[in-house]
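# Structural features, examined
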Amino acid sequence: MRPLDHDRYCTEVVTQTRQFAAQLSTAQLSLPVPACPGWTLADLGRHVGGNLRTVGTAVLTGRPVDDTGSQVPGASGPADNDPVAMEAWLLTEADRFASAMLAAGPAAEVQVWGIEGTTAFWARRAAHDVVVHRADVAAALGSAYHVAPDMAADAIDELLELFEGEDVELGPAGRSIHLHATDTGGTEERAAEWFIELDDEGFGWRRAHGRATVTLRGPLSDLLRVFHRRLPPRSEGLEVLGETALLDRWLQQVALR
């Protein structure tokens with residue numbers, strides 16, 4: 001599937017950050033974040049806002065940025081654990097990021113943390129980074145979590161694209177993983193199914209239905225959380241069919257930290 005439009009990712013950075021910041025605005029920022037051991041909600045907020053400021057600075061200046069603290073003033077966020085200050089700072093950084101990305105267009109080259117990519121790459125990465133960290137806040141606060149179907153599906157596509165060709169050890173070639181969203185409708189454009197097949201070089205994948213070694217079925221937002229290791233695959237509402245050990249090995253190796 002093709003990625004979404006560059007403008008959409010820029011808009012989603014603002015939209016997702018507003019939702020993320022709204023959750024933090026009434027929270028106790030000293031609460032721990034289960035998905036990020038050792039982090040509090042304040043740490044998570046500073047991480048999200050700091051990333052947006054760092055990438056936005058690289059776009060605005062046209063220069064590589066490799067270290068958040070020393071090269072990008074203001075990237076460390078509010079000095080205290082004030083939820084109101086945190087919310088205001090996050091919204092400012094999201095707006096600054098989106099404005100820089102929209103002005104630059106999708107084809108500008110940007111280097112951040114030693115990683116080279118286009119503005120299209122970084123806008124997409126930032127949008128999904130906030131999408132996933134919203135799940136972290138929801139888990140910490142015990143609140144509901146939902147993502148628009150096209151964004152959730154694209155977040156899974158992006159994860160697979162980032163790891164395709166990487167050195168992962170998932171066992172013999174020929175086995176497969178099927179990911180099947182049960183709540184996205186039946187049209188080809190909205191159907192959210194993935195068929196991942198192991199080969200001698202790692203894995204290949206496509207959007208498709210197929211009989212697999214192991215299948216994970218459930219709501220799309222939950223599948224997104226499972227594949228980003230934010231939700232156990234045997235959680236309520238999810239169904240695992242087949243060789244569960246293969247899915248476990250996948251989740252141990254194919255994940256963004």
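Placed above this text is the structure.
Read on for a plain summary of the structure. (Residues numbered from 1 in each chain as written. Predicted model: local features only at pLDDT ≥ 70, side-chain atom pairs only at ≥ 80, totals over all residues. Heavy atoms only, no water.)

Moving on, we get to the overall build of the chain. When helices and strands are tallied, the chain shows eight helices and seven strands. Its C-alpha atoms give the chain a radius of gyration of 19 Å, within 12% of the compact-globule value 18 Å for 257 residues. In terms of its C-alpha atoms, the chain occupies a principal-axis envelope of roughly 50 × 40 × 35 Å. Taking all 257 residues of the chain together, the buried fraction comes to 49%. Sequence-distant contacts in the chain: of pairs separated by 6 or more residues, those separated by 24 or more amount to 66%. (Helix = DSSP H or I, 4+ residues; strand = E, 2+ residues; numbered from the N terminus. Rg over C-alpha atoms; globule rule 2.2 N^0.38 Å. Buried < 20%, exposed > 50% of the residue type's maximum accessible area, 1.4 Å probe, protein only. Contact = heavy atoms within 4.5 Å.)

Looking now at unusual backbone geometry. Positive phi is not limited to glycine here, since W113 has a value of about 55 degrees. In this structure, W113 sits in the loop between β1 (109-112) and β2 (115-118). Positive phi outside glycine occurs at R229, with the angle close to 60 degrees. With respect to the element layout, R229 can be found in the loop between α7 (220-227) and β7 (239-242). Overall, the relative accessible area of 39% leaves R229 in the partly exposed class.

Glancing now at the packing of helix α6 (residues 149-163) against α7. As a packed pair, α6 and α7 sit with axes 9 Å apart at the nearest point and diverge in direction by 25 degrees. Relative to α7, α6 is oriented roughly parallel. In this structure, the crossing between α6 and α7 has a hand that is left-handed. Taking contact as the criterion, the partners of P149, A152, A153, A155, I156, L159 and L160 in α6 are, on α7, L220, L223, L224 and F227. Among the residues making up the contact of α6 with α7, the classes are represented as eleven nonpolar, no polar and no charged. (Axes fitted to C-alpha atoms, helices over the stretch in contact; angles between N-to-C directions. Parallel < 35°, antiparallel > 145°, perpendicular 65-115°, else oblique. Left-handed = near helix turned anticlockwise from the far one by under 90°. Nonpolar A, V, L, I, M, F, W, Y, C, P; charged D, E, K, R; others polar.)

Further remarks concern the side chain of H6. Along the chain, H6 turns up in helix α1 (residues 6-25). Here H6 falls in the buried class, since its relative accessible area comes to 10%. Non-local contacts of H6, meaning those with residues more than four positions away in its chain, are made with M101, L102, G105, P106, T119, A120 and A123.

A few words now on the packing of aromatic side chains. Throughout the structure, instances matching the rule amount to four aromatic pairs. Judged by centre distance (5.1 Å) and plane angle (85 degrees), the ring pair of F121 and W122 falls under edge-to-face. For F121, a relative accessible area of 29% gives the class partly exposed. In this structure W122 comes out as buried when scored by relative accessible area, which is 4%. For the ring pair F203 and W250, a centre distance of 4.9 Å and an interplane angle of 70 degrees mean the geometry is edge-to-face. On the criterion of sequence distance, the pair formed by F203 in strand β5 (residues 202-206) and W250 in helix α8 (residues 244-253) is long-range, its members being 47 residues apart. For the pair formed by F203 and W250, the shared burial category is buried. Grouped by ring-pair contacts, the aromatic residues W113, F121 and W122 constitute a single cluster. (Phe/Tyr/Trp six-rings, centres within 6.5 Å; stacked < 30°, edge-to-face > 60°.)

Further remarks concern a negative patch on the surface. A cluster of like negative charges, contributed by E164, E197, D199, D200 and E201, occupies part of the molecular surface. Along the polypeptide, E201 turns up in the loop between β4 (193-199) and β5. (Patch = residues over 30% accessible without salt bridge, like charges linked within 9 Å, V, L, I, M, F, W, Y side chains within 5 Å. Areas by Shrake-Rupley, 256 points an atom, 1.4 Å probe, with all protein chains shown as cover. Salt bridge = Lys/Arg side-chain N within 4 Å of Asp/Glu carboxyl O. Lys, Arg positive; Asp, Glu negative; His and termini not counted. Charge placed at Lys NZ, Arg CZ, Asp CG, Glu CD.)

Spatial ordering of the open sheet is given by β5-β4-β3-β6-β7, a layout of five strands whose pairing is mixed. Here the strands that pair on one side only, and so sit at the sheet edges, are β5 and β7. Averaged over neighbouring strand pairs, the angle between their axes works out to 15 degrees when direction is ignored. Two strands pair when backbone bridges link them, and strand β3 (residues 176-181) and β4 are joined in this way by five bridges, in the antiparallel orientation. Among the inter-strand pairings, L179 is bridged to a residue of β4, identified as W194. Seen against the sheet, α8 touches β3, β4, β5, β6 (214-218) and β7 and runs at an angle of roughly 75 degrees to β6. (Pairing = 2+ DSSP bridges.)

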